[in-house]
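Descriptive analysis of the structure
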Amino acid sequence: MSYFFQLVVSGIVVGSIYALSALGFVLIYKSSRVLNIAHGQIIAAGAFITYALTVQAGIPIYISFPISMIITFFLAMSVERVFLRRLIGEPIISVIMVTIGLMSILDGLIYLTPFGTENFSFPQFLPTTPLTVGGVSISWTQLVGVIITFTMIAGFSWFFKKSTIGISMRAVSDDQLASMSIGISVPRVFGLAWAMAGLSAAAAGGIIGNITGLNFDTLHAFGIVVFPVVILGGLDSILGAVVAGIIMGLIQQFASGYLDGNWGLNGTAEVMPYVILLIILLFKPHGLFGIHEIERV
């Protein structure tokens, strides 16, 4: 039984990281109906900025972590301002193709640095002895990562539901022309959405880097790995990203622990989430919490 609960804890840890990584997709889509294919590269950039500030600049990680989030906030805002601002009102496919090109550009820039080809790790700053309760253990790094993840997700949920700016961003997502007619600045909303996505990406990158180490291929792959989470939860739902992230994390851990571990199979942890995704989408095409919009004809 302790083995089962250990898999549950591991699934929640992995799922919370997926949820935080998927949050960047949701934030941008929720306000602009755009999928940012370059989100994985922004996650990697946030992680390496944290590492550079911590190791090379000698700043304590509890200070460098929020600083890197602020830097990535403005980095993502700059990306939107330079590459995407002129595409407001253009077909969505054009914007998505620009993010694909942006992904290639960021890949090339990071590969020109040592961060693109080498492995790194953060210095140890938490106790190394795991916290164990009832035979189930969790490392302090994982525990802190889960706490930060759910704190940020709760903050973003409150922001969209209660704050004036958050409500304005939701209004822009529903109807850009109507929003402009009541004085909402659509370009400002788009820039803020990208900036907030950068904020969550930097947090995700820092947490992933502390748990698994810093490897560019692993970090930017999260932009694709979490895509099933985004689809399953619903492209415009923060709650959906959380629930779908936990579901995917649990499926992976159970598949790895039971199917691979006991049945002698291989690779089921990578395959099973997509199988479950296809089954659920047969009954819920817009995801678990996605909004089914009916347009007038």
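Residues numbered from 1 in each chain as written. Predicted model: local features only at pLDDT ≥ 70, side-chain atom pairs only at ≥ 80, totals over all residues. Heavy atoms only, no water.

A few words on the nonpolar core. Grouped together as the largest cluster of nonpolar side chains are 77 residues, with contacts concentrated most on Phe48, Met169, Met196, Leu214 and Ile238. Per element, the largest residue contribution to this core is 15 residues, and it comes from helix 8 (residues 186–212). (Core = buried A, V, L, I, M, F, W, Y, C linked by side-chain atoms within 4.5 Å. Buried < 20%, exposed > 50% of the residue type's maximum accessible area, 1.4 Å probe, protein only. Helix = DSSP H or I, 4+ residues; strand = E, 2+ residues; numbered from the N terminus.)

Between its first and last C-alpha atoms helix 2 (residues 39–56) spans 25 Å; for 18 residues at 1.5 Å apiece the expected length is 26 Å, and the two agree. In terms of burial, helix 2 is a largely internal element, 16 of the 18 residues being buried. In the stretch just after helix 2, Gly58 is the one whose phi turns positive, near 75°. (Expected span 1.5 Å × (residues − 1).)

Below, the discussion takes up the side chain of Glu80. Along the chain, the position of Glu80 falls in helix 3 (residues 61–84). Among residues more than four places away in sequence, those in contact with Glu80 are Arg85, Pro187, Phe190, Gly191 and Trp194. (Contact = heavy atoms within 4.5 Å.)

What the second largest pocket holds in volume is close to 250 Å³. Among the elements of the structure, helix 3, helix 5 (140–162) and helix 8 are those that each provide at least two residues to the lining of the second largest pocket. Per element, the largest residue contribution to the lining of the second largest pocket is 5 residues, and it comes from helix 3. Class assignment of the residues belonging to the lining of the second largest pocket gives a composition of 11 nonpolar, 4 polar and no charged. (1 Å grid on protein atoms, 1.4 Å probe; cavity = no way out; pocket = protein on both sides within 12 Å on 5 of 7 lines; lining within 4 Å. Points joined across faces, edges and corners; volume = space filled by probe spheres on them. Nonpolar A, V, L, I, M, F, W, Y, C, P; charged D, E, K, R; others polar.)

Relative to the elements of secondary structure, Val34 occurs in the loop between helix 1 (2–32) and helix 2. When the C-alpha atoms of Val34 and Ile93 are compared, they prove to be 8.6 Å apart, with 59 residues separating the residues in sequence. Those residues within four positions of Val34 in sequence are excluded, and the remaining contacts are Ile28, Tyr29, Ile92 and Val95.

This paragraph deals with a nonpolar patch on the surface. Taken together, the side chains of Val82, Phe83, Ile105, Leu109 and Leu112 define a hydrophobic patch exposed on the protein surface, amounting to about 510 Å² of accessible area. Along the chain, Leu112 falls in the loop between helix 4 (92–111) and strand 1 (131–133). The class of Leu112 is exposed, set by a relative accessible area of 72%. (Patch = residues over 30% accessible without salt bridge, like charges linked within 9 Å, V, L, I, M, F, W, Y side chains within 5 Å. Areas by Shrake-Rupley, 256 points an atom, 1.4 Å probe, with all protein chains shown as cover. Salt bridge = Lys/Arg side-chain N within 4 Å of Asp/Glu carboxyl O.)

Enumeration over the complete set of coordinates arrives at 14 aromatic pairs. Ring centres 5.7 Å apart and planes at 85° place the aromatic pair Phe159 and Phe160 in the edge-to-face group. Phe160 carries the same exposure label as Phe159, and that label is buried. Ring centres 6.1 Å apart and planes at 25° place the aromatic pair Phe254 and Tyr258 in the stacked group. Of this pair, Phe254 and Tyr258 both sit in helix 11 (residues 238–263), 4 residues apart, roughly one helical turn. A relative accessible area of 30% places Tyr258 in the partly exposed class. Within the aromatic cluster, the residues linked to one another by ring pairs are Tyr3, Phe4, Phe5, Phe254 and Tyr258. (Phe/Tyr/Trp six-rings, centres within 6.5 Å; stacked < 30°, edge-to-face > 60°.)

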